[in-house]
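Structural description and commentary
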Amino acid sequence: LPLLLGSSPSLLAAPGLRGRLALALHVAGVNAALLLIYPRPLYKIAVRACFLGFAFGCGLLLSAGRSAWRHFGWYMCSLSLFHYSEYLVTAINNPRSLSLDSFLLNHSFEYNLAALSSWVEFTLEKLFFPELKQITWLSTVGLLMVIFGDCLRKAAMLTAGSNFNHIVQNEKSDTHTLVTSGVYGWFRHPSYVGWFYWSIGTQVLLCNPICVVGYALASWRFFRERIEEEEITLIHFFGEEYLDYKRKVPSGLPFIKGVKLEL
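Since the structure is predicted, the reported quantities are computational estimates derived from the model, not experimental observations.

Digging into the UniProt feature "transmembrane region" (unreviewed entry) in the protein chain
- According to UniProt, the positions carrying the feature "transmembrane region" (unreviewed entry) are residues 20-38, 45-66 and 195-218.
- Summarising residues 195-218: 88% helix, 0% strand, and an end-to-end C-alpha distance of 12 Å.

Structural notes on the pattern of salt bridges
- In total, this model carries eight salt bridges according to the counting rule given.
- A salt bridge links Lys 154 to Asp 150; the nearest nitrogen and oxygen atoms lie 2.6 Å apart. Placement of the pair is Lys 154 and Asp 150 together in helix H6 (residues 136-160), with a separation of four residues, close to one helical turn. In this structure, Lys 154 and Asp 150 share a single accessibility class: buried.
- Among the salt bridges present, the one from Asp 244 reaches Lys 248, with a minimum N-O distance of 3.2 Å. Note that Asp 244 and Lys 248 are positioned in helix H9 (residues 240-248) at a spacing of four residues, about one turn of the helix.
- Linked through salt bridges whose partners overlap, the residues forming this network are Glu 86, Asp 150, Arg 153 and Lys 154.

So, the packing of aromatic side chains
- The tally for this structure, following the rule as stated, stands at 14 aromatic pairs.
- Geometrically, the ring pair formed by Phe 72 and Tyr 75 is tilted, given 5.4 Å between the ring centres and 45° between the ring planes. Residue Phe 72 and its partner Tyr 75 are located together in helix H4 (residues 70-93), separated by three residues, close to a single helical turn. As far as the burial class goes, Phe 72 and Tyr 75 line up, both buried.
- With centroids separated by 4.1 Å and ring planes inclined at 20°, the aromatic side chains of Phe 82 and Trp 198 adopt a geometry described as stacked. Taken as a pair, Phe 82 in helix H4 and Trp 198 in helix H7 (residues 190-205) lie far apart in primary sequence, 116 residues in all.
- The rings of Phe 82, Tyr 111, Tyr 192, Trp 195, Trp 198, Phe 222 and Phe 223 are connected pair by pair, giving a single aromatic cluster.

What counts, and where the lines are drawn
- Each chain has its residues counted from 1, running along the sequence as written.
- For this predicted model, a pLDDT threshold of at least 70 governs which residues receive local features, and a threshold of 80 or more governs which side-chain atom pairs are given and counted, while totals over whole chains, interfaces and linings are taken from all residues.
- In computing side-chain values, all of the structure's heavy atoms are included and hydrogens and water are not.
- UniProt positions are given in the numbering used here, feature names are shortened, and annotations may be inferred rather than shown by experiment.
- Each helix is a run of DSSP H or I of at least 4 residues and each strand a run of E of at least 2, with the numbering of both proceeding from the N terminus.
- Here, a salt bridge means any side-chain nitrogen of Lys or Arg that lies within 4 Å of a carboxyl oxygen of Asp or Glu.
- To sort residues, take the accessible area from a 1.4 Å probe on protein chains only and compare it with the maximum for the residue type: under 20% means buried, over 50% means exposed, and anything in between is partly exposed.
- Between 30 and 60 degrees the pair is tilted, below 30 it is stacked and above 60 it is edge-to-face, where a pair is any two Phe, Tyr or Trp rings, Trp via its six-membered ring, whose centres lie within 6.5 Å.

In structure tokens form, the structure reads like this:
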């Protein structure tokens, strides 16, 4: 690509302003070429996937080093893989519902604010309390929580198949069935359980004490409201069949029992 665009590979690696300018022009040229090759919707998908892959690669580089940012590298890998796999599993499971929003990169303003808050806390505490960011055993616990949470969520998505959707459905489709097998035999809402522990795990991984508490409270409140909203719909769809399932299987989230409603 550098040769096709008329730039020398050695120039891209040049130090100082010259190298940065050459790299910026190179990236702009590649984006322009991709925009001409791909239709607009596919281009938008490719750009987001490329960005997540770039973030994952940067995370791997940080993780492999011995710098104080090593644990942040773990976090970058976890965050980028989570969002990329959300789109990928949706594409496999339920392509009819697939959209740019399936990456969940623009989930909500509150979600983006929470991510920004965690980065700010990590940076400030690293500057003023650097020893706090070097507790490897605690970061390892957080990484295990992240892996468990993400695996549980993806297992729930794969088990539900086309029944899974990022948006709560208000109308029952002809193919919509009540899934009670696999991880749904453990929890009524395994995808929310996985996301809940994944989100808290990212902050344990970063050793962010303030965000650990904040994420736990905000996530618990969000999923309590989301579960109540979803269960009203599920009772409307499946009636006594869902009520019986609800009595036998816990929600999976602490102190959340779901909607209190009887037919």
